[in-house]
Amino acid sequence: MDINADHNVAYMQLNRFLYISNTSHYKEVLSRVQSVKRSLWIGTADIKDLYVEVGKEKKPFLTLLAQLIHKGVEVRLIHAKEPGPAFREDFDKYPVLYDSLERMLYPRVHFKMLIFDCKEVYIGSANLTGAGIGMKSEDKRNFEAGILTDAPSIVEQAMNQFDDVWMGKFCKRCKRRNFCIDPIIAL
């Protein structure tokens with residue numbers, strides 16, 4: 001086992017698992033978003049005005065999503081509640097997000113996962129916020145933990161769970177429909 005200097009990442013090469021904690025979420029998870037080629041699926045309970053480094057600049061994460069969409073990447077986002085005003089203001093700056101970002105609001109979503117090109121998945125505690133997965137300083141961010149893996153069985157299970165929610169599998173029997181803005185009626 002190889003543990004880096006700040007003890008935030010432990011990599012077990014044979015099992016293809018990467019343990020992610022604290023500030024390593026930004027370096028190890030969000031860095032993968034920029035290299036996605038076909039699809040990015042994001043599930044999060046909370047989403048806020050998250051910033052990332054794009055080149056030498058700090059820009060809203062939505063800039064990165066817009067760039068991916070312009071390159072033809074399918075981006076799906078499931079989140080549990082409406083983002084705050086700063087996120088919505090940034091969202092309005094990218095017209096491509098209106099047309100091409102596939103976004104669903106499900107109040108019962110509490111999982112946090114990012115699925116990269118159907119080949120690798122992050123599953124953990126970090127929401128898509130600055131304090132969870134973003135650029136907040138070590139003294140201001142949340143204590144988070146998660147796993148990043150390319151193990152096919154784990155990736156497949158994560159994709160199946162994401163897709164079940166995405167397709168509305170649970171909507172018909174949901175007891176929280178009165179909190180849902182746009183319920184899906186599963187056939």
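A.B. asks: Which residues make up the confidence of the model for the protein chain, and what are the values?
C.D. replies: Of the residues in the protein chain, 83% reach a pLDDT of 70 or more, and the chain-wide mean stands at 85. Within the protein chain, strand β1 (residues 2-3) has the poorest average pLDDT of any element, 45, and strand β9 (residues 112-116) the best, 98. Predicted confidence is poor over residues 10-14, with pLDDT under 50, and the contacts of this stretch with residues over four places away or in other chains come to 12 contacts.

A.B. asks: Any details on the nonpolar core? Residues and values, ideally.
C.D. replies: In terms of nonpolar packing, the biggest core is built from 35 residues, with V33, L40, F61, L65, L97, L114 and F116 touching the most fellow members. Broken down by element, this core gets its largest block of residues, seven residues, from helix α2 (residues 61-70). With residues up to four places along the chain from it excluded, the contact list for F61 reads L30, V33, I42, L50, Y51, V52 and L128. By size, the runner-up hydrophobic cluster in this structure holds 16 residues, among which are A80, V109, M113 and F162.

A.B. asks: Which residues make up the side chain of R76, and what values do they have?
C.D. replies: Position of R76 relative to the elements: it lies in strand β7 (residues 74-79). R76 sits in the buried class, given a relative accessible area of 12%. Within the structure, R76 has its side chain in polar contact with the side chain of D163 (distance 3.3 Å). Ignoring anything within four residues of it in the chain, the contact list for R76 reads L40, W41, I42, E102, F162, D163 and W166.

A.B. asks: Before we move on, can you summarise the packing of aromatic side chains with the specific residues and values?
C.D. replies: Applying the stated criterion across every chain yields a total of five aromatic pairs. With centroids separated by 5.5 Å and ring planes inclined at 85 degrees, the aromatic side chains of F91 and Y98 adopt a geometry described as edge-to-face. Of the residues examined, F91 reaches a relative accessible area of 12% and is grouped as buried. Taken together, the ring pairs connect W41, F111, F162 and W166 into an aromatic cluster. Against the face of F91 rests R103, its NZ or CZ located 5.7 Å from the ring centre.

Reading guide: rules and limits
- Residues numbered from 1 in each chain as written.
- Predicted model: local features only at pLDDT ≥ 70, side-chain atom pairs only at ≥ 80, totals over all residues.
- Heavy atoms only, no water.
- pLDDT = per-residue confidence, 0-100.
- Helix = DSSP H or I, 4+ residues; strand = E, 2+ residues; numbered from the N terminus.
- Contact = heavy atoms within 4.5 Å.
- Core = buried A, V, L, I, M, F, W, Y, C linked by side-chain atoms within 4.5 Å.
- Buried < 20%, exposed > 50% of the residue type's maximum accessible area, 1.4 Å probe, protein only.
- Polar contact = N/O pair within 3.5 Å; in protein donor to acceptor, adjacent residues only side chain to side chain.
- Phe/Tyr/Trp six-rings, centres within 6.5 Å; stacked < 30°, edge-to-face > 60°.
- Lys NZ or Arg CZ within 6 Å of the ring centre and 35° of its normal.

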